[in-house]
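A closer look at the structure
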Amino acid sequence: MNKHPGSSNSSSAARTAIALFAPANRRRLSGASLRTFLVIANHWGLTEKQRRLILGKPARSTYRRWVKKAREHRDITLSVDVLTRISAILGIHMGLRTLFDDEQEGVAWLRTPHDARVFGGAAPIDLITSGTQDALMTVRRFIDAARGGLYMAPSSDERDWPAYDDSEIIFACPED
């Protein structure tokens with residue numbers, strides 16, 4: 001009998017998480033992830049130096065070898081850190097696509113200084129290209145929160161909508 005309720009679930013979750021980090025899974029994900037990152041980096045107009053900073057500062061030769069292999073659809077196995085960084089970029093990109101009608105508006109938002117405390121007056125792209133995974137995750141979390149309605153002003157098509165009043169807010173309770 002388990003001494004800790006739910007321990008079989010948590011050990012199962014731990015085994016699943018560990019399996020995701022296995023070299024075979026990382027190899028399966030690495031090429032496609034890097035190719036997608038390169039498309040986004042091109043769209044955002046990032047320099048090679050900025051791309052390398054986002055990916056954790058690999059040597060130029062390492063970065064170019066990764067890119068060559070990915071573009072040729074050859075096997076490549078990126079580290080968990082690099083895949084996590086790419087995942088953050090994918091989340092940021094997808095969030096911007098949700099928040100802005102036009103992709104270029106999202107890119108402009110990335111490049112415009114922002115007065116939110118986490119950006120300290122800098123443009124979000126400056127945080128993204130600072131070289132730390134924590135900075136990437138901070139921007140990702142900010143955008144996720146904005147998608148949930150926090151932190152950002154309404155989009156251009158929402159600005160003219162009248163505010164809801166209390167009578168329009170309905171809390172539905174599931175039926176018993």
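Since this is a predicted model, take the numbers as computed values, not measurements. (Residues numbered from 1 in each chain as written. Predicted model: local features only at pLDDT ≥ 70, side-chain atom pairs only at ≥ 80, totals over all residues. Heavy atoms only, no water.)

**Details of the overall build of the protein chain**
- Broken down by element type, the protein chain carries eight helices and zero strands.
- Sequence-ordered secondary structure for the protein chain, helices as α and strands as β, is α-α-α-α-α-α-α-α.
- The buried share of the protein chain, taken over its 176 residues, is 34%.
- Restricting to contacts in the protein chain with at least 6 residues of sequence separation, those with at least 24 account for 59%.
- Accessible surface for the protein chain amounts to roughly 11500 Å². Of this, 54% is attributable to carbon and sulfur atoms. (Helix = DSSP H or I, 4+ residues; strand = E, 2+ residues; numbered from the N terminus. Buried < 20%, exposed > 50% of the residue type's maximum accessible area, 1.4 Å probe, protein only. Contact = heavy atoms within 4.5 Å. Areas by Shrake-Rupley, 256 points an atom, 1.4 Å probe, with all protein chains shown as cover.)

**Regarding the pattern of salt bridges**
- All chains considered together, the criterion is met by eight salt bridges.
- For glutamate 72, the salt bridge identified is with lysine 68, shortest N-O distance 2.7 Å.
- Residue lysine 68 is classed as partly exposed on the basis of its relative accessible area of 46%.
- Glutamate 72 is paired through a salt bridge with arginine 74; the nearest N and O atoms lie 2.7 Å apart. (Salt bridge = Lys/Arg side-chain N within 4 Å of Asp/Glu carboxyl O.)

**What to know about empty space enclosed by the protein**
- This structure, assessed with the given rule, holds one cavity of 30 Å³ or more.
- Of the voids in this model, the largest cavity is the one considered here, and its volume is about 50 Å³.
- Where the lining of the largest cavity is concerned, the elements lending two or more residues are α2 (23-44), α5 (80-99) and α6 (103-111). (1 Å grid on protein atoms, 1.4 Å probe; cavity = no way out; pocket = protein on both sides within 12 Å on 5 of 7 lines; lining within 4 Å. Points joined across faces, edges and corners; volume = space filled by probe spheres on them.)

**As for helix α4 (residues 60-71)**
- The end-to-end C-alpha separation of α4 is 16 Å, in line with the 16 Å expected for 12 residues at 1.5 Å each.
- Taken together, the buried positions of α4 are occupied by Thr62, Tyr63, Trp66, Val67 and Ala70. For α4, the arc enclosing every buried residue in end-on projection is 135°, short of the 170-degree limit, so these residues lie on one face.
- As for α4, its buried residues are in contact with α2, α3 (48-54) and α5.
- At the C-terminal side of α4, histidine 73 shows a positive phi close to 55°. (Expected span 1.5 Å × (residues − 1). Arc of directions from axis to C-beta.)

**With respect to the packing of α5 against helix α8 (residues 133-147)**
- The contact between α5 and α8 brings their axes to 9 Å, and the two run at 25°. With respect to α8, the element α5 is oriented roughly parallel. Seen along the crossing, α5 lies across α8 with a hand that is left-handed. Contacts from Asp81, Thr84, Arg85, Ser87, Ala88, Ile89, Gly91, Ile92, Gly95, Leu96, Thr98 and Leu99 of α5 reach α8 at Gln133, Leu136, Met137, Val139, Arg140, Ile143, Ala146 and Arg147.
- Of the residues that constitute the contact of α5 with α8, the class distribution is 10 nonpolar, six polar and four charged. (Axes fitted to C-alpha atoms, helices over the stretch in contact; angles between N-to-C directions. Parallel < 35°, antiparallel > 145°, perpendicular 65-115°, else oblique. Left-handed = near helix turned anticlockwise from the far one by under 90°. Nonpolar A, V, L, I, M, F, W, Y, C, P; charged D, E, K, R; others polar.)

**Let's talk about the packing of α2 against α4**
- Axis separation between α2 and α4 bottoms out at 9 Å; the angle between their running directions is 105°. By the criterion of interaxial angle, the relationship of α2 to α4 is roughly perpendicular. In this structure, α2 contributes Gly31, Leu34, Arg35 and Leu38 to the contact, and α4 contributes Tyr63, Trp66, Val67, Ala70 and Arg71.
- For the contact of α2 with α4, the residue count by class is six nonpolar, one polar and two charged.

**Some details on unusual backbone geometry**
- Residues other than glycine seldom take positive phi values, yet lysine 57 does so here, at roughly 65°.
- Within the secondary structure, lysine 57 sits in the loop between α3 and α4.
- Note on lysine 57: relative accessible area 52%, which makes it exposed.

**Some points on the confidence of the model for the protein chain**
- For the protein chain, per-residue confidence averages 85 on the pLDDT scale, and residues scoring 70 or more make up 78% of the total.
- When pLDDT is averaged over each helix and strand of the protein chain, the minimum, 67, is found for helix α1 (residues 7-20) and the maximum, 97, for α3. (pLDDT = per-residue confidence, 0-100.)

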